[in-house]
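An overview of the molecular structure
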Protein chains: 2
Amino acid sequence: MSISGLPKQVTIWEAGPRDGLQNEPGTVPTAVKVELIERLVDAGVSHLETTSFVSPKWVPQMADNAQVMAQIRRRPGIHYQVLVPNMKGFEAAMAAGAEEIGIFTAASESFCRRNTNCSIAESLERLRPVCEAALARGVKVRAFVSCIAGCPFEGEIAPAKVAEVTAALAAMGAYEVALGDTIGVGTPGKVRAAVEACAAQVPLEKIAVHCHDTYGQALANILAALEVGVASIDSSVGGLGGCPYAPGATGNVATDDVVYMLDGLGVETGIDLEKLVQTSWFISDALGRPPASNVARAMKAKCAA
Amino acid sequence: MSISGLPKQVTIWEAGPRDGLQNEPGTVPTAVKVELIERLVDAGVSHLETTSFVSPKWVPQMADNAQVMAQIRRRPGIHYQVLVPNMKGFEAAMAAGAEEIGIFTAASESFCRRNTNCSIAESLERLRPVCEAALARGVKVRAFVSCIAGCPFEGEIAPAKVAEVTAALAAMGAYEVALGDTIGVGTPGKVRAAVEACAAQVPLEKIAVHCHDTYGQALANILAALEVGVASIDSSVGGLGGCPYAPGATGNVATDDVVYMLDGLGVETGIDLEKLVQTSWFISDALGRPPASNVARAMKAKCAA
């Protein structure tokens, strides 16, 4: 049973292989990453963060980026996006054959400075040549804005600030901007306000949401975004991306939980939930802990019963 | 930031001391139960399930019902509800000085038969004299309907069936009926459809929702219910009531997570979130495991950092 006004179809941006794995403490073998990606695509995922071309000094887990890109079976119509922080990363991504990139900045000055060692304006200037080079080569650009519903250093973030950064990224050529509630503090009204502020500056079709479940709010926040027409959602298989040092602490909302909700709402994703949950357990078993996804755990418990 | 159309104020029905604890395997000392209740009321909880007067053969954890009722400090204006299954339970509740009772049936015939060994119609007939006796003594009656969004034996449950049972309970004198998604399979559209079907039969003010987080959907389902005007929500401090044998498996939605969402939405509950989270950790420590509430874990982690 649906709720009137929701999109009929939603794009799931699967973040597990990159955002989900990047903070894992132990090295995840390249073969496991490749199998994860293949299983996700087999389950119907059509848009995914594949790896990142960030310095291995900062993100050692993604040091095998070129190998991952070389070993996956590139299938037609699938968006294999890679994250790049700057021109150096862009060149490496191009050398590895990437056809779509992700770029990132923040809606919080303090967070931007801590994360990228520059102001938001400077980060945008750093990204401008990356966008120009990408567009000149026909490479698609998707952007991420972090801290859209709150910042660990500044607290509240004004929706107008989120909209300003989003508009700048769209103007630079990003075809979609994912609004990230990086620390998961948002509630449905805040996420909705951020989306609405952005939609006053750029077409709604260019806006995605990227919710974290740290405070358990992600699905409610996603529902609020769907209700204002957002039709692109970032999520991570099995909820990959929680802090691995804090058992039970959740990071990215689980794709499993999002797809379960969308299936129930009659919103199409093209994803087979059973295959997705099997993929959740595949990667969780490889990492040696149960998935953070309630759906993945409940479906396994139901099968066992 | 709020969403227009939501209630300004919501009643939280705290289920932890009864629904939350009833399936705990080890005996929880009466003193712990009493302290839990006192801490909840100190945190601003005004409506709570206190204990049940069910046969100790079936629910041994609630065998100290009369002691709990005798030892709590009854404060004016607080609803100390006790669950009763039949006239025998009702008499015992009255002997213990209860001023408000909870009664229960199901929207699924199969579930009703497994849980109470009779049909829905028979269960309603069994509850009728309980309601009559309660109302004759000025004792308030609240009712629970289980399986409103799905049944483990029957699958889908028609909203019309939920509405029929809800109307029957209201006609028998229940001032409020809590619609229980007992196995947590509901998604926002289903919960909304059940609420709307009921609201066509009884005033919306008489409808509460009781969501489980088994599939991670509870907050989204609660948001959907709030959006159609429901202003009474059942929840359990720290998410008490999950299956204690399955780590990470969640049952009742955590009051902590609900109050966090409502605070963010600007909806008043009268509950102090910090005190509530301290209570979550009090009872979780007593039970020897972390709370199932994301908010309780995240707030503690934030304090520690």
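Throughout what follows, the structure given in this document is the object of discussion.

Reading guide: rules and limits
- Along every chain, residues carry numbers that run from 1 in the direction the sequence is written.
- For naming, the first written chain is A and the first written ligand is 1, with later ones following in the order written.
- With the structure being a predicted model, the display of local features is reserved for residues of pLDDT at least 70 and the display and counting of side-chain atom pairs for 80 or more, all residues being used for whole-chain, interface and lining totals.
- No hydrogens and no water enter the side-chain calculation; it runs on all heavy atoms of the structure.
- We call two strands paired when DSSP finds no fewer than two bridges between them.
- Helix numbering and strand numbering both begin at the N terminus, where a helix is a DSSP run of H or I of at least 4 residues and a strand a DSSP run of E of at least 2.
- Only the stretch in contact is used when fitting a helix axis, every axis being a line fitted to C-alpha atoms; angles between N-to-C directions are given from 0 to 180 degrees.
- The contact criterion used throughout is that any non-hydrogen atoms of two residues lie within 4.5 Å.
- What counts as buried area is the accessible surface, traced by a 1.4 Å probe, that two parts surrender upon association, with contributions from both included.
- Whenever a carboxyl oxygen of Asp or Glu lies within 4 Å of a side-chain nitrogen of Lys or Arg, that contact is scored as a salt bridge.
- Residues adjacent in sequence count toward polar contacts only when both atoms are side-chain atoms; beyond that, a polar contact is any pair of N or O atoms within 3.5 Å, and within protein one must be able to donate a hydrogen and the other to accept it.
- Exposure is judged per residue with a 1.4 Å probe applied to protein chains only, and the accessible area is read against the type maximum: over 50% gives exposed, under 20% gives buried, and values in between give partly exposed.
- Roughly parallel here means an angle under 35 degrees, roughly antiparallel means over 145, roughly perpendicular means 65 to 115, and every remaining angle is called oblique.
- Residues are grouped as follows: Ala, Val, Leu, Ile, Met, Phe, Trp, Tyr, Cys and Pro are nonpolar; Asp, Glu, Lys and Arg are charged; every other residue, Gly included, is polar.
- Copies overlap after least-squares fitting; the atoms used are the C-alpha atoms of residues with pLDDT of at least 70 in both.
- Nonpolar cores are built from buried Ala, Val, Leu, Ile, Met, Phe, Trp, Tyr and Cys residues. Side-chain atoms within 4.5 Å join them into one set.
- Note on handedness: a clockwise path from strand one over the helix to strand two, with the strands aimed away from the viewer, defines a right-handed crossover.

**Points about the sheet that holds strand 1 (residues 11-14) of chain A**
Residues and elements named next belong to chain A. Within the closed barrel, the eight strands sit side by side as 1-2-3-4-5-6-7-8. Their pairing is parallel. Going from strand to strand, the sheet's axes swing by 25° on average, the running direction of each strand aside. Bridge analysis of strand 3 (residues 79-83) against strand 4 (residues 100-106) gives three bridges, and the strand direction is parallel. Note that in strand 4 the partner of V82 across the bridge is I101. Of the strands in this sheet, strand 4 and strand 5 (140-146) are in contact with helix 5 (residues 109-116), which crosses strand 4 at around 125°. Contacts between helix 8 (residues 188-199) and the sheet are confined to strand 6 (176-181) and strand 7 (207-211), with strand 7 contributing the most and set at about 155° to the helix.

**Looking at the interface of chain A and chain B**
At the junction of the two partners, chain A supplies 37 residues and chain B supplies 37 residues. At the boundary of chain A with chain B, total buried surface from both sides reaches about 2,800 Å², with 63% on carbon and sulfur atoms. Between the two partners, chain A and chain B, sit zero salt bridges. In this assembly, chain A and chain B are joined by six residue pairs in polar contact (both at pLDDT 80 or more). When residues of the side of chain A that touches chain B are traced back to their parent elements, those giving at least two are helix 8, helix 9 (218-227), helix 10 (255-265) and helix 12 (294-304) of chain A.

**Regarding the pattern of salt bridges**
The full count for this structure, using the stated rule, is 24 salt bridges over all chains. When the shortest N-O distance is used, the salt bridge between B:E156 and B:K190 registers 3.3 Å. One end of the pair, B:E156, is in the loop between strand 5 (140-146) and helix 7 (159-171); the other, B:K190, is in helix 8 (residues 188-199), with 34 residues separating them in the sequence. Where salt bridges share partners, they join A:E38, A:D42 and A:R75 into one cluster.

**A closer look at the side chain of A:D64**
All names here are of chain A. In this fold, D64 is placed in the loop between strand 2 (47-52) and helix 3 (65-71). Residue D64 is classed as buried on the basis of its relative accessible area, which comes to 9%. Engagement of the side chain of D64 in a polar contact is seen with the side chain of T30, the distance being 2.6 Å.

**Here's the deal with the sheet that holds strand 3 (residues 79-83) of chain B**
All names here are of chain B. Taken in spatial order, the eight strands line up as 1-2-3-4-5-6-7-8 and close into a barrel, and their pairing is parallel. Across the sheet, the mean angle from the axis of one strand to that of its neighbour is 25°, orientation sign disregarded. In terms of strand pairing, strand 2 (residues 47-52) meets strand 3 through five bridges, oriented parallel. Within strand 3, the position partnered with H47 by the bridge is H79. Against the sheet, helix 5 (residues 109-116) touches strand 4 (100-106) and strand 5, its axis set at about 125° to strand 4.

**Quick notes on the packing of helix 11 (residues 273-287) of chain B against helix 12 (residues 294-304) of chain B**
Residues and elements named next belong to chain B. Running from amino to carboxyl end, helix 11 crosses helix 12 at an angle of 100°, the nearest separation of the two axes being 10 Å. By the angle between their axes, helix 11 is roughly perpendicular relative to helix 12. Contacts between helix 11 and helix 12 involve L273, E274, V277, S280 and W281 from the first element and V295, A296, R297, M299 and K300 from the second. In terms of residue class, the contact of helix 11 with helix 12 is made up of six nonpolar, one polar and three charged.

**Structural notes on the relation of the copies chain A and chain B**
Its rotation angle being 180°, the transformation that places chain A on chain B also includes 0.0 Å of axial translation and leaves an RMSD of 0.0 Å. A rotation of that kind, with that shift, is consistent with a two-fold axis. Ranked by how close their C-alpha atoms come to the rotation axis, the residues of chain A are headed by A:A220, at 2.0 Å. Looking at the interface residues of chain A, 100% of them are also at the interface in chain B, so both copies use one shared face.

**Things to note about the nonpolar core**
A:I101 and B:I101 are the most contacted members of the largest nonpolar core, which totals 211 residues. Leaving out residues up to four positions away in the same chain, B:I101 has contacts with B:Q81, B:V82, B:V84, B:F90, B:M94, B:V130, B:A134, B:V139, B:K140, B:V141 and B:R142.

**Digging into the pairing of strand 2 of chain A**
All names here are of chain A. Of all six residues making up strand 2, six are buried, and the element is well covered by its neighbours. Relative to strand 2, strand 1 runs parallel, the two sharing two bridges. Across the sheet, E14 pairs through a bridge with L48, a residue of strand 2. Taken together, strand 2, helix 3 and strand 3 constitute a β-α-β crossover, and its handedness is right-handed.

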